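Reading the structure
So you can see what is in the structure, the chains are spelled out below.
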Amino acid sequence: QVQLQESGPGLVKPSQTLSLTCTVSGGSITSTYYSWNWIRQPPGKGLEWIGTIAYGGDTYYSPSLKSRTSISRDTSKNQFTLQLSSVTPEDTAVYYCARGGALNYYTYAFGRWGQGTRITVSS
């Protein structure tokens with residue numbers, strides 16, 4: 001029943017900060033034991049995990065992006081956000097938010113995804 005929807009600016013200029021919001025409905029971002037993630041896919045390339053905020057508020061980031069990434073949440077709005085600073089054209093991608101959870105004892109999965117929002121970094 002949970003649904004996720006990304007919102008973003010579409011176009012961002014190099015050196016600016018990209019800010020995206022994921023709005024969650026049908027479930028709470030504080031519900032145990034889920035995580036709330038940002039994932040992106042550059043054109044013609046595979047998926048790249050950016051980072052996550054867990055149900056209790058702990059954050060974790062991809063080592064390659066950690067220095068530029070901040071994930072936060074607003075529990076009153078049931079939203080979580082991504083801020084990616086100092087963007088370059090290499091940050092052009094479709095950005096997704098997704099819910100993560102244990103599929104079984106051995107497997108962790110991103111089981112619910114938003115539709116994605118296309119971000120182009122260009123001057």
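Coordinates for the structure precede this section.
To keep things clear, this report deals only with the structure shown in the data block. Predicted model, so just to flag it, every value in this text is computed and none were measured. (Residues numbered from 1 in each chain as written. Predicted model: local features only at pLDDT ≥ 70, side-chain atom pairs only at ≥ 80, totals over all residues. Heavy atoms only, no water.)

**Details of the packing of aromatic side chains**
- On inspection of all chains with the given rule, the structure shows 6 aromatic pairs.
- For the pair tyrosine 33 and tyrosine 55, a centre-to-centre distance of 5.6 Å together with 90° between the ring planes defines the contact as edge-to-face. On the criterion of sequence distance, the pair formed by tyrosine 33 in the loop between β3 (18-25) and β4 (35-41) and tyrosine 55 in the loop between β5 (48-54) and β6 (59-61) is long-range, its members being 22 residues apart.
- Taking relative accessible area as the criterion, tyrosine 55 reaches 30% and is therefore assigned partly exposed.
- Ring centres of phenylalanine 110 and tryptophan 113 lie 6.3 Å apart, and the angle between their planes is 85°; on these two criteria the pair is classed as edge-to-face.
- Through a chain of ring-to-ring contacts, three or more aromatic side chains come together here, namely Trp36, Trp38 and Phe80.
- Sitting above the plane of the tyrosine 34 ring, arginine 99 keeps its charged end 3.9 Å from the centroid. (Phe/Tyr/Trp six-rings, centres within 6.5 Å; stacked < 30°, edge-to-face > 60°. Helix = DSSP H or I, 4+ residues; strand = E, 2+ residues; numbered from the N terminus. Buried < 20%, exposed > 50% of the residue type's maximum accessible area, 1.4 Å probe, protein only. Lys NZ or Arg CZ within 6 Å of the ring centre and 35° of its normal.)

**What to know about the side chain of threonine 69**
- Tracing the backbone through its elements, the reader meets threonine 69 in strand β7 (residues 69-74).
- Excluding its chain neighbours within four sequence positions, the residues that come into contact with threonine 69 are Ile50, Tyr61, Leu82, Gln83 and Leu84. (Contact = heavy atoms within 4.5 Å.)

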